[in-house]
Protein chains: 2
Amino acid sequence: MRAVLSLCVGAGLAALLAAWRRRRSVREVLFFPSPPCCTEELLAEAEAEGCDGRPAPCPCPLPRSDCAFTRLLRRLLSARRSLELCLFAFSSPELGRAVSVLHRRGVRIRVVTDSQYMALRGSQIGVLRLLGIQVRHNQDVAFMHHKFAIVDKKMLITGSLNWTMEAIHSNRENVVIVEDAEIVRPYLDEFERIWEEYDPGNYTFFPKEND
Amino acid sequence: MRAVLSLCVGAGLAALLAAWRRRRSVREVLFFPSPPCCTEELLAEAEAEGCDGRPAPCPCPLPRSDCAFTRLLRRLLSARRSLELCLFAFSSPELGRAVSVLHRRGVRIRVVTDSQYMALRGSQIGVLRLLGIQVRHNQDVAFMHHKFAIVDKKMLITGSLNWTMEAIHSNRENVVIVEDAEIVRPYLDEFERIWEEYDPGNYTFFPKEND
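Residues numbered from 1 in each chain as written. Chains lettered and ligands numbered in written order. Predicted model: local features only at pLDDT ≥ 70, side-chain atom pairs only at ≥ 80, totals over all residues. Heavy atoms only, no water.

**Topic: the overall build of chain A**
Within chain A, the secondary structure is distributed over seven helices and seven strands. When the accessible surface of chain A is split by element, carbon and sulfur atoms take 55% of a total near 10,900 Å². If you average the places of the 28 positive and of the 26 negative side-chain charges in chain A, the two averages end up 8 Å apart. (Helix = DSSP H or I, 4+ residues; strand = E, 2+ residues; numbered from the N terminus. Areas by Shrake-Rupley, 256 points an atom, 1.4 Å probe, with all protein chains shown as cover. Lys, Arg positive; Asp, Glu negative; His and termini not counted. Charge placed at Lys NZ, Arg CZ, Asp CG, Glu CD.)

**A short note on the sheet that holds strand β2 (residues 82-87) of chain A**
Pairing is mixed across the open sheet formed by seven strands, whose spatial order is β1-β7-β6-β5-β2-β3-β4 (chain A). Because the sheet does not close on itself, it has two edges, and the strands there are β1 (27-32) and β4 (134-137) of chain A. When the angles between neighbouring strand axes are averaged without regard to direction, this sheet yields 10°. As paired strands, strand β5 (residues 147-151) of chain A and strand β6 (residues 155-159) of chain A are joined by three bridges and run antiparallel to one another. Bridge assignment links Val151(A) to a residue of β6(A), and that residue is Met155(A). Set on the sheet, helix α3 (residues 68-77) of chain A makes contact with β1, β2, β5, β6 and β7 (173-178) of chain A; between it and β1(A) the angle comes to about 135°. Helix α7 (residues 181-197) of chain B rests against β1 and β7 of chain A of the sheet, and its axis sits at about 15° to β1(A). (Pairing = 2+ DSSP bridges. Axes fitted to C-alpha atoms, helices over the stretch in contact; angles between N-to-C directions. Contact = heavy atoms within 4.5 Å.)

**A closer look at the UniProt feature "domain: PLD phosphodiesterase" (unreviewed entry) in chain A**
The residues that UniProt annotates with the feature "domain: PLD phosphodiesterase" (unreviewed entry) are residues 140-167 of chain A. Along residues 140-167 of chain A the backbone is 11% helical and 36% strand, and the end-to-end C-alpha distance reaches 25 Å. (UniProt positions renumbered as here; feature names shortened; annotations may be inferred.)

**A word on the state of the cysteines**
Scanning the model with the defined rule gives two disulfides over all chains in all. Disulfide partner of Cys37(A): Cys67(A), at an S-S distance of 1.9 Å. With Cys37(A) in the loop between β1 and α2 (40-47) and Cys67(A) in the loop between α2 and α3, this pair connects stretches of sequence that are 30 residues apart. When its relative accessible area of 5% is taken as the criterion, Cys67(A) is described as buried. Considering cysteine sulfurs only, Cys58(B) is the nearest to Cys51(B), which forms no disulfide, with 18 Å between them. The class for Cys51(B) is partly exposed, based on a relative accessible area of 48%. (Disulfide = S-S within 2.5 Å. Buried < 20%, exposed > 50% of the residue type's maximum accessible area, 1.4 Å probe, protein only.)

**Remarks on helix α4 (residues 93-105) of chain B**
All names here are of chain B. With 13 residues, α4 extends 18 Å between its outermost C-alpha atoms, agreeing within 8% with the 18 Å of an ideal straight helix rising 1.5 Å per residue. Those residues of α4 not exposed but buried are Leu95, Gly96, Ala98, Val99, Ser100, Val101 and Leu102. Structurally, α4 contributes buried residues whose contacts are with α2 (40-47), α3 (68-77), β2 (82-87), β3 (108-113), α5 (125-130) and α6 (165-169). Downstream of α4 by one or two residues, Gly106 has phi in the positive range, about 100°. (Expected span 1.5 Å × (residues − 1).)

**Examining the relation of the copies chain A and chain B**
When chain A is fitted to chain B, the best match, at an RMSD of 0.1 Å, comes from turning it 180° and sliding it 0.1 Å along the axis. What the rotation and shift describe, once combined, is the action of a two-fold rotation axis. In terms of proximity to the rotation axis, the leading residue of chain A is Gly12(A), whose C-alpha is 1.7 Å off the axis. Counting the interface residues of chain A, we find that 100% of their copies in chain B are interface residues as well, pointing to one common contact surface. (Least-squares fit on C-alpha atoms with pLDDT ≥ 70 in both.)

**A closer look at the packing of aromatic side chains**
Residues and elements named next belong to chain A. Scanning all chains against the criterion turns up 14 aromatic pairs over all chains. Note on Phe88 and Tyr117: the rings are 4.1 Å apart at their centroids and 35° apart in plane angle, and the pair reads as tilted. Linking Phe88 in the loop between β2 and α4 (93-105) with Tyr117 in the loop between β3 (108-113) and α5 (125-131), this pair joins segments that are 29 residues apart in sequence. Here Phe88 falls in the buried class, since its relative accessible area comes to 5%. With 5.0 Å between their ring centres and 80° between their planes, Phe148 and Tyr187 make a pair best called edge-to-face. (Phe/Tyr/Trp six-rings, centres within 6.5 Å; stacked < 30°, edge-to-face > 60°.)

**A short note on the interface of chain A and chain B**
In this complex, chain A contributes 41 residues to the contact, which on the side of chain B involves 41 residues. Across the chain A/chain B interface, buried area totals approximately 3,600 Å², and carbon plus sulfur atoms make up 60% of it. On the surface where chain A and chain B come into contact, there are eight salt bridges. With its nearest N and O atoms 2.2 Å apart, the salt bridge here joins Glu197(A) to Arg172(B). Mapped onto the side of chain A that touches chain B, the elements with two or more residues apiece are α1 (2-24), β1, β5, β6, β7 and α7 (181-197) of chain A. Here the element with the most residues in the side of chain A that touches chain B is α1(A); it accounts for nine residues. Of the residues in the side of chain A that touches chain B, the class split is 21 nonpolar, 10 polar and 10 charged. (Buried area = accessible area lost by both parts, 1.4 Å probe. Salt bridge = Lys/Arg side-chain N within 4 Å of Asp/Glu carboxyl O. Nonpolar A, V, L, I, M, F, W, Y, C, P; charged D, E, K, R; others polar.)

**Thoughts on the pairing of β7(A)**
Residues and elements named next belong to chain A. Of all six residues in β7, six are buried; the element is thus mostly enclosed. Burial along β7 is two-sided: the face carrying Glu173, Val175 and Ile177 and the face carrying Asn174, Val176 and Val178 are both buried. In terms of strand pairing, β6 meets β7 through four bridges, oriented antiparallel. Among the inter-strand pairings, Thr158 is bridged to a residue of β7, identified as Val176.

**Quick word on the pattern of salt bridges**
A full pass over the atoms with the stated rule returns 36 salt bridges over all chains. Note that Arg110(A) and Glu192(A) form a salt bridge whose closest N and O atoms lie 2.7 Å from each other. In this pair, Arg110(A) is assigned in strand β3 and Glu192(A) in helix α7, connecting sequence segments 82 residues apart. The exposure class assigned to Glu192(A) is partly exposed, which follows from its relative accessible area of 30%. A salt bridge links Arg54(B) to Glu45(B); its shortest N-O distance comes to 3.3 Å. Look at Arg54(B) and you get exposed, because its relative accessible area is 69%. Glu45(B) gets classed as partly exposed once you look at its relative accessible area, which sits at 43%. Salt bridges sharing partners connect three or more residues here, namely Glu84(A), Arg110(A), Lys153(A) and Glu192(A).

Structure representation (structure tokens):
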């Protein structure tokens, strides 16, 4: 009887611990267009991390309250070790600035994108490459249409949102952010599959010498 | 001591029950392009539901094993009461057929879409309207860029995938399917917000008489 009771208590405590862990793990949904709000203070603060003194307050008149866009930036800026980006279109200067901050902080960043959209006006892909961030892209006409990010191998940011100004400030868009290994793991595997497939060593843009 | 033990056992059992419920709830990730596989048998079977006899086997040579596309169709066809569709582009004939099946089965279907993309060649929106399914759309130039569906108010299907043949058979795309009230509820609320906002009574395409 005592053994059964101990087992029951043990299993119960384990389940309670799992439920507590689950409650602490991130599950957030964001909708866009994001209402206007100041992103400058958040980004300037992230840039000044580790430096003496704090940046001057931003003089812009935009609200300081949280909006979908600052929430997205905060989740991204929480990266400490790694960031995988798998993005069809990336032209938001604020998101580009956040990724630059993480790169300077020493976070290992890898980017996969679409060859047609990376060349569009305002694309951040060239900026990231100039900083030394590794970028790979498809070489066929089908779109690399994913729009997801994985923070520190454990938090997934995914949805309909391309990382462009139009998407953030004009379109109806959704983003779901989860820390759930059963969901994050397949996305990590998909990233690694694409990363290998888009290895520049496999590009066939130019015919080989013997072709 | 006995009271503490009872409390502990009770809380433990409740947590175990919650964990069991969670394990049973859907969490699935699909990646596209989907490998080729037969969708005809699945759709013909759904169409024949409630009729005498079974449909003849499909003679096509495509594999019968599950693929991302049939998994998506199956999740959709599981609807019994309601289906909310919030789709930027919808031109897949198979997905259109699945929605028609659900409509005939008596599932309450509401569709929100994008005014520019609903007019493209192959769009299923006109087909659904002819069946009597309610469709509403935006009237501004910003995109209604969502790509999500909610089955029976409890299962969310969302991701980067537009419901087009290119997306399903050519592009790199992702879909996440979850039964998690904390995630599904905000999407339901977003759908209702958009549904009200896109009420045809609010359209201003044509100037009012006194304008």
